[in-house]
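Overview (structure and organization)
Each chain, written out:
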Amino acid sequence: MAPVDPEEAEEFLRLFYAEADEPGATAVKGSAGRTAPLEERLEEVRDEIERTGTYVHTSAELAFGARVAWRSSARCIGRLYWRSLHLRDRRHVVAPDEVAAECVGHLDDATRRGRIRSTITVFAPDTPTAPGPRVWNEQLIRYAGYRTGGRVLGDPRYVGFTDHARSLGWVPPSPMGRFDVLPLVVSGGGEWAEKGPQFYEVPPESALEVELTHPDHDWFAELGLRWHALPVISNMRLDIGGVSYPAAPFNGWYMATEIGARNLSDSERYDMLSEVAERMGLDTSTDRTMWRDRAAVELTLAVQHSFDQAGVSMADHHGESQRFLRHLEREESAGRTCPVDWSWIVPPISGGLTPVFHRYYDEPSESGPMFRMDPQQAARGQGCPM
Ligand code: ARG
């Protein structure tokens, strides 16, 4: 990796010091932990970059950078609580076995039997002398997809990833099912970087799942649907002040529509709408009965109901939209712009019933601490080595 650009480092440090001095900044947990006055810290970092091509964030800088990266995520509706992101600082970890063990530790720390806490685990950065580790999975918990004749058993999105895991030696459960948790696939950093990726089974007790039932329809349970409690994005790069962390898995908690109206409904995912509609007794011979719409709502309701019953944190699109507008107001009164990608913020059902639908937003920005998806990591998430 190229040396850190000192200007990017300086821009970040100025931001960190400026925000830490704002009234209310004590709410940014740990941000008070500055080690030196700004000018001294800048001097130190410039010097460090000159000598080593990079610099080491203090833990307060890292926590602040990760939180601001969340705050800047234009596609996330859940940003009101960006200050509360819990940091697991694992920058010393590069060996694949340890990366995998720490990913499992992340699941346990963040799940808390359903009282989910927004958490990020940051592994070693890329430096001019050595790459950091990589997690190939798009998310730490995802379901395998198996090609069986013309159909797919499981999640079609992960057919490529599943094939790749099998080529590394992973053996699926027997019999194969629709909700088999994929193994972690990890490449080490530093001296391990030359070795290929390795796979690690996720212990079942660390992957909390919820079986889906419907509040009014008893037949719903017979569909045998379930979903995992924790969404942990694990293949995005975290960039802070010129330093790039290629492995920094982070999670929030689910909103019911993500599972009900997308993962289980999309035709290229679990594609459940026609089965649900038929069970509901709807006429699926024409679009004009709106059977898809009705089935998507009932599926999403089942997801909400089941997570609530199981005591697993889950947002709903109405409440979350309101919280998001509160976040926007707060950002504006702090004198900041809030980048928003409309097509990701508006929920996939009932868009116009939520307040986020009815307005325009600031464009996503390109500078500052940020989560990024680079093409190589995206390809790995599909099981394609690049
Ligand atoms: N939509 C993704 C999924 O269904 C998860 C994205 C992150 N979501 C969240 N609530 N933090 O798995």
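Nothing here was measured: the structure is a model prediction, and the numbers come from that model.

This next bit is on the environment of G114. In this structure, G114 sits in the loop between α4 (96–111) and β2 (119–122). In contact with G114, other than residues within four places in its own chain, are L208, G311, V312 and S313.

Relative to the 21 Å expected for 15 residues at 1.5 Å per residue, helix α2 (residues 38–52) spans 21 Å between its end C-alpha atoms, a close match to the ideal helical length. Taken together, the buried positions of α2 are L38, R41, L42, V45, E48 and I49. An end-on view of α2 places all buried positions within 130° of arc, on one side of the element. Turned more than 90 degrees off the buried face of α2, the exposed positions are E40, E50 and R51.

What follows concerns the nonpolar core. The biggest cluster of nonpolar side chains holds 52 residues, and the ones touching the most others in it are L184, F220, L225, L264 and F307. If you list the elements that add at least two residues to this core, you get α4, β6 (184–187), α6 (256–263), α7 (273–279) and α8 (291–310). In terms of residue count, α8 provides more of this core than any other element does, seven residues in total. Leave out the neighbours within four places in its chain, and F220 touches L212, T213, H214, L225, V276, L299 and A302. Counting 32 residues, the second largest nonpolar core, distinct from the first, contains L38, Y245, F250 and F371.

Time to look at the site of the ligand. The local shell around the ligand consists of Q139, R142, P231, I233, G252, W253, Y254, E258 and N263. Within the contact set of the ligand, an oxygen atom lies 2.8 Å away from a side-chain nitrogen or oxygen of Q139. Take N263: an N or O atom from its side chain is 2.8 Å from an oxygen atom of the ligand. Expressed as a share of its isolated accessible area of 350 Å², the protein-covered part of the ligand is 72%.

Taken together, D5, E7, E8 and E11 make up a surface patch of like negative charges. Checked against the element boundaries, D5 lands in the segment before α1 (6–20).

Locating E138 in the fold gives a position in the loop between β3 (134–135) and β4 (145–148). Residue class for E138 comes out buried when judged on its relative accessible area of 13%. Reaching out from E138, the side chain makes a polar contact with the side chain of Y158 at a distance of 2.5 Å. Discounting chain neighbours no more than four positions away, the residues touching E138 are R157, Y158, V232, I233, S234, N235, G381 and Q382.

Judged by which residues are buried, β2 turns out to be covered on both faces: T119 and T121 on one side and I120 and V122 on the other are all buried. Both strand β1 (residues 86–89) and β2 contribute to a ladder of four bridges, which runs parallel. Bridge pairing links R88 to T121 in β2. In this fold, the crossover linking β1 to β2 by way of α4 has right-handed handedness. As judged from the two bridges shared by β2 and strand β13 (residues 250–251), these two strands associate in the antiparallel manner. By the bridge assignment, T119 is partnered in β13 with N251.

A few words now on the sheet that holds β2. Spatially, four strands are ordered β1-β2-β13-β10 in an open sheet, and the strand pairing comes out mixed. Because the sheet does not close on itself, it has two edges, and the strands there are β1 and β10 (232–233). Relative to β13, β10 runs antiparallel, the two being bridged by two bridges. Along β13, the bridge assignment pairs I233 with F250.

Our focus in this paragraph is the sheet that holds strand β7 (residues 198–200). The strands making up a sheet are joined through hydrogen bonds of the backbone, oriented either antiparallel or parallel. Within the open sheet, the three strands sit side by side as β3-β6-β7. Their pairing is antiparallel. Each edge of the sheet is formed by a strand with only one pairing partner; in this case those strands are β3 and β7. Looking at chain direction, β3 and β6 are connected through two bridges and run antiparallel. Bridge pairing links R134 to S187 in β6. Set on the sheet, α4 makes contact with β3, β6 and β7; between it and β6 the angle comes to about 140°.

The end-to-end C-alpha distance of helix α9 (residues 317–333) is 24 Å, a good match for the 24 Å that 17 residues give at a rise of 1.5 Å each. On its buried face, α9 sits against α3 (59–71), α6 and α10 (342–345). You can read the cap of α9 off the contacts: a side-chain oxygen lies 3.0 Å from the backbone nitrogen of H318, and it is on D316.

Right, let's get into the packing of α1 against α2. The geometry of α1 relative to α2 is characterised by a closest axis approach of 10 Å and an angle of 155° between their N-to-C directions. The orientation of α1 relative to α2 falls into the category roughly antiparallel. For the crossing formed where α1 meets α2, the hand is right-handed. Seen from α1, the contacting residues are P6, A9, E10, L13, R14 and Y17; seen from α2, they are L38, E39, R41, L42, V45, R46 and I49.

It is possible for side chains of opposite charge to pair when their charged atoms get near one another. Under the counting rule described, the total for this entry stands at 29 salt bridges. In this structure, the salt-bridge partner of D89 is R91, at a minimum N-O distance of 2.7 Å. Looking at D89, the relative accessible area reads 24%, which means it is partly exposed. Where D374 meets R237, a salt bridge forms, and the shortest distance between an N and an O atom there is 2.6 Å. Within this pair, whereas D374 is found in the loop between β14 (370–372) and α11 (375–381), its partner R237 is found in strand β11 (residues 237–240), the two being separated by 137 residues in sequence. By relative accessible area, which is 13% here, R237 ends up buried. One salt-bridge network, in which partners are shared between bridges, spans E10, R14, E39, E43 and R46.

Conventions used here
- Residues numbered from 1 in each chain as written.
- Predicted model: local features only at pLDDT ≥ 70, side-chain atom pairs only at ≥ 80, totals over all residues.
- Heavy atoms only, no water.
- Helix = DSSP H or I, 4+ residues; strand = E, 2+ residues; numbered from the N terminus.
- Contact = heavy atoms within 4.5 Å.
- Expected span 1.5 Å × (residues − 1).
- Buried < 20%, exposed > 50% of the residue type's maximum accessible area, 1.4 Å probe, protein only.
- Arc of directions from axis to C-beta.
- Core = buried A, V, L, I, M, F, W, Y, C linked by side-chain atoms within 4.5 Å.
- Near = heavy atom within 4 Å.
- Polar contact = N/O pair within 3.5 Å; in protein donor to acceptor, adjacent residues only side chain to side chain.
- Areas by Shrake-Rupley, 256 points an atom, 1.4 Å probe, with all protein chains shown as cover.
- Patch = residues over 30% accessible without salt bridge, like charges linked within 9 Å, V, L, I, M, F, W, Y side chains within 5 Å.
- Salt bridge = Lys/Arg side-chain N within 4 Å of Asp/Glu carboxyl O.
- Lys, Arg positive; Asp, Glu negative; His and termini not counted.
- Charge placed at Lys NZ, Arg CZ, Asp CG, Glu CD.
- Pairing = 2+ DSSP bridges.
- Right-handed = clockwise from strand over helix to strand, strands pointing away.
- Axes fitted to C-alpha atoms, helices over the stretch in contact; angles between N-to-C directions.
- Parallel < 35°, antiparallel > 145°, perpendicular 65-115°, else oblique.
- Left-handed = near helix turned anticlockwise from the far one by under 90°.

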